[in-house]
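Tertiary structure, described
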Amino acid sequence: MHQKSTGMKKIFEKIVEGILTCSGFVTSITILLIVLFLFTEAFGLFGSKVIEEGYVLALNKENKVNQLSPAQIKDVFDEEITNWEELGGENLPIRVFRLEDITRYYTEEELGDAYQHAGACITKLVEKTPGIVAFVPQQFITEPEQVHFIKDNTISVKDVFAGAEWFPTATPAPLFGFLPLITGTLWVSLFAILIALPFGLSVSIYMSEIAGSKVRKWLKPVIELLSGIPSVVYGFFGLIVIVPFIQKVFDLPVGESGLAGSIVLAIMALPTIITVTEDAMRNCPRAMREASLALGASKWQTTYKVVIPYSISGITSGVVLGIGRAIGETMAVLMVTGNAAVIPTTILEPLRTIPATIAAELGEAPAGGPHYQALFLLGVVLFFITLIINFSVEYISSKGVKRSK
């Protein structure tokens, strides 16, 4: 009977072991597939063309300008560049032509009842107008040999990572400059940690070293409860309280700014930093505290010369988790930062972060298109930012542990 129960127990252990092994394997494969999917979708952007698919930029045959960057195309069609000389061509005024402008040049009789002659009319217009740049469907150029086309290159890494404008719906050439979004994300996250870290460390020291057991038992659940509040609630709080306060104090036209986002993120990161840091400090052995006090150190000297160095690994872990919450936050930031895709010069300006951009635009981006792929590439950038921060903090943490030994 005893042998039978032992055999059943071993079989049960084997089954549990197999289930755990399968769970771990499936989880690992799922994570790898998600990362692979993210990278596959993202890097398709660099195979996309600069000019909108199915369209061309047609010039007069005598115009020798061959290439334009996405930013130059935008400036031309926004009429910020008005002469071909500025683009390396001859001294000719630029005349912008879009398909909807055709009725300004030709009558309905000339175009035909079903616009069947529109292609021939557009080709003729480009032939006889030296400074024209026509943004039209490729099929409307009936005699390609009679016009000159701007070379349609693929979107380059430089245009994306060094681009200063994010305008994914611009025509003829959308702009996917990541700089405003990357700087906005780092700007808000940096100030959020600068605000949250001293407050979080102070509360942790108080709860671990000063507060009595009754105060600690009451305060800790309240702080942990804050981490369970939905981010949209923090966003509403920031929108109703923090944004008007900043607008009034700094006399700003609008209160939605990077500072508002940083304060909201700091409040959201505090529970994580406080909880993890306080647990790490309370794990410091009692013998080390007593030895420090026996040598004549005061309570404060024991705290910052013994407890904090011993707990540095746990403290940095709390900071990493807080930074991760700050960088990856979406809704709260979207509600209070102004959502302006510009490179910020001060923390009091509106800005936009990477997670907020993905959340706001992914539902509107055509699946598989350049805009869709650019948003996935933003996800890759966010992935690497988080990875770099994790490695950096781990490195600092390991250095701190070595110094404390």
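Quick caveat: nothing in here was measured; it's all calculated off a predicted structure.

**Focus on the overall build of the chain**
In terms of regular secondary structure, the chain is built from 15 helices and six strands. Against the 2.2 N^0.38 benchmark of 22 Å for 405 residues, the chain shows a C-alpha radius of gyration of 30 Å, more extended than a compact globule. Across its three principal directions, the C-alpha atoms of the chain cover 100 × 70 × 40 Å. Burial analysis of the chain (405 residues in total) assigns 42% to the buried set. If you take every contact in the chain between residues at least 6 apart in sequence, the share linking residues at least 24 apart comes to 68%. Counting every atom, the chain has about 22,200 Å² of accessible surface; 64% of that belongs to carbon and sulfur. Computed over 31 positive and 37 negative side-chain charges, the inter-centroid distance for the chain is 22 Å.

**Considering helix α12 (residues 312-328)**
For α12, which comprises 17 residues, the first-to-last C-alpha distance of 24 Å matches the rise-based estimate of 24 Å (1.5 Å per residue) to within 8%. Looking only at α12, the buried set comprises Gly314, Ile315, Thr316, Gly318, Val319, Val320, Gly322, Ile323, Ala326 and Ile327.

**As for a nonpolar patch on the surface**
A contiguous nonpolar patch, built from Phe25, Val26, Ile29, Leu32, Leu33 and Leu36 and spanning about 610 Å² of accessible area, is present on the exposed surface. Tracing the sequence through the fold places Leu32 in helix α1 (residues 2-43).

**Structural notes on the sheet that holds strand β3 (residues 132-137)**
Strand order in the open sheet made by the four strands is β2-β3-β1-β4, with mixed pairing throughout. Single-partner strands in this sheet number two, and they are β2 (95-98) and β4 (148-149). Sheet topology note: the strand β1 (residues 55-59)/β3 ladder contains five bridges and is antiparallel. Each residue of the ladder has a partner; that of Leu57, found in β3, is Phe135. Each of β1, β2 and β3 touches helix α4 (residues 118-128); the most contacted strand, β3, lies at about 160° to it.

**Structural notes on the domain arrangement of the chain**
Domain boundaries in the chain define domain 1 (55-154) and domain 2 (178-404). Here the C-alpha centroids of domain 1 and domain 2 sit 51 Å apart.

**Some points on the pattern of salt bridges**
Oppositely charged side chains are able to pair whenever their charged atoms sit close together. Tallying each qualifying case throughout the model produces eight salt bridges. Between Glu278 and Lys220 there is a salt bridge, with its nearest N and O atoms 3.2 Å apart. Linking Glu278 in helix α9 (residues 258-282) with Lys220 in helix α7 (residues 213-226), this pair joins segments that are 58 residues apart in sequence. Here Lys220 ties to Asp279 by a salt bridge, and the two come within 2.6 Å at their closest N and O atoms. One end of the pair, Lys220, is in helix α7; the other, Asp279, is in helix α9, with 59 residues separating them in the sequence. Asp279 gets classed as partly exposed once you look at its relative accessible area, which sits at 31%.

**Comments concerning the packing of helix α8 (residues 231-249) against α9**
Between α8 and α9, the shortest axis-to-axis distance is 9 Å and the interhelical angle comes to 135°. Of the possible angle classes, the one that applies to α8 and α9 is oblique. Here the hand of the crossing between α8 and α9 comes out right-handed. When α8 is examined against α9, the residues Ser231, Tyr234, Phe237, Gly238, Ile242, Val243 and Ile246 are found in contact with a partner set consisting of Leu259, Ala260, Ile263, Val264, Ile267 and Met268.

**Concerning the UniProt feature "transmembrane region" (unreviewed entry) in the chain**
Per the UniProt record, "transmembrane region" (unreviewed entry) is found at residues 20-39, 175-201, 222-246, 258-276, 307-327 and 374-396. The distance separating the terminal C-alpha atoms of residues 222-246 is 27 Å; by composition the span is 84% helix and 0% strand. End-to-end, the C-alpha atoms of residues 307-327 are 29 Å apart, and along that stretch the chain is 95% helix and 0% strand.

**Observations regarding the packing of aromatic side chains**
The description of an aromatic ring pair uses the distance of the two centres, along with the angle that the planes make with each other. According to the stated counting rule, one finds 14 aromatic pairs in the structure shown. A centroid spacing of 6.2 Å and a plane angle of 80° characterise the contact between Phe77 and Phe135, whose relative ring orientation is edge-to-face. Of this pair, Phe77 sits in helix α2 (residues 70-77) while Phe135 sits in strand β3; the two residues are 58 residues apart in sequence, bridging distant segments of the chain. Relative to Phe178, the ring of Phe161 has its centre 5.5 Å away and its plane inclined at 75°; by these criteria the two rings are edge-to-face. Taken together, the residues Phe161 in helix α5 (residues 157-161) and Phe178 in the loop between β6 (175-176) and α6 (179-210) connect sequence positions 17 residues apart. By relative accessible area, Phe161 is classed as partly exposed at 34%. One aromatic cluster is present, formed by Phe39, Phe43, Phe46, Phe383 and Phe384 through successive ring pairs.

**Remarks on the side chain of Ser262**
Inspection of the secondary structure assignment puts Ser262 in helix α9. Ignoring sequence-local partners within four residues, the contact set of Ser262 consists of Trp187, Val188, Phe191, Ala192, Ile195 and Ile347.

**Let's talk about a negative patch on the surface**
Together, Glu108, Glu109, Glu110 and Asp113 make up a negatively charged patch on the protein surface. Residue position: Glu109 is located in helix α3 (residues 108-111).

**Some details on the packing of α9 against α12**
One way to put it is that α9 packs onto α12 with a least axis distance of 8 Å and a crossing angle of 160°. Classed by the angle they form, the pair α9 and α12 counts as roughly antiparallel. You can see that α9 and α12 cross each other, and the crossing is right-handed. Across the interface between the two elements, Leu265, Met268, Ala269, Thr272, Ile273, Val276, Thr277 and Ala280 from α9 touch Gly314, Ile315, Ser317, Gly318, Val319, Leu321, Gly322, Arg325 and Ala326 from α12. For the contact of α9 with α12, a count of residues per class yields 10 nonpolar, six polar and one charged.

**With respect to the environment of Ala297**
Along the chain, Ala297 falls in the loop between α10 (286-294) and α11 (299-310). It is 72 Å that separates the C-alpha atoms of Ala297 and Gln67, two residues lying 230 residues apart in sequence. Ignoring anything within four residues of it in the chain, the contact list for Ala297 reads Ser292 and Thr302.

What counts, and at which threshold
- Residues numbered from 1 in each chain as written.
- Predicted model: local features only at pLDDT ≥ 70, side-chain atom pairs only at ≥ 80, totals over all residues.
- Heavy atoms only, no water.
- Helix = DSSP H or I, 4+ residues; strand = E, 2+ residues; numbered from the N terminus.
- Rg over C-alpha atoms; globule rule 2.2 N^0.38 Å.
- Buried < 20%, exposed > 50% of the residue type's maximum accessible area, 1.4 Å probe, protein only.
- Contact = heavy atoms within 4.5 Å.
- Areas by Shrake-Rupley, 256 points an atom, 1.4 Å probe, with all protein chains shown as cover.
- Lys, Arg positive; Asp, Glu negative; His and termini not counted.
- Charge placed at Lys NZ, Arg CZ, Asp CG, Glu CD.
- Expected span 1.5 Å × (residues − 1).
- Patch = residues over 30% accessible without salt bridge, like charges linked within 9 Å, V, L, I, M, F, W, Y side chains within 5 Å.
- Salt bridge = Lys/Arg side-chain N within 4 Å of Asp/Glu carboxyl O.
- Pairing = 2+ DSSP bridges.
- Axes fitted to C-alpha atoms, helices over the stretch in contact; angles between N-to-C directions.
- Domains from an automatic or database assignment.
- Parallel < 35°, antiparallel > 145°, perpendicular 65-115°, else oblique.
- Left-handed = near helix turned anticlockwise from the far one by under 90°.
- UniProt positions renumbered as here; feature names shortened; annotations may be inferred.
- Phe/Tyr/Trp six-rings, centres within 6.5 Å; stacked < 30°, edge-to-face > 60°.
- Nonpolar A, V, L, I, M, F, W, Y, C, P; charged D, E, K, R; others polar.

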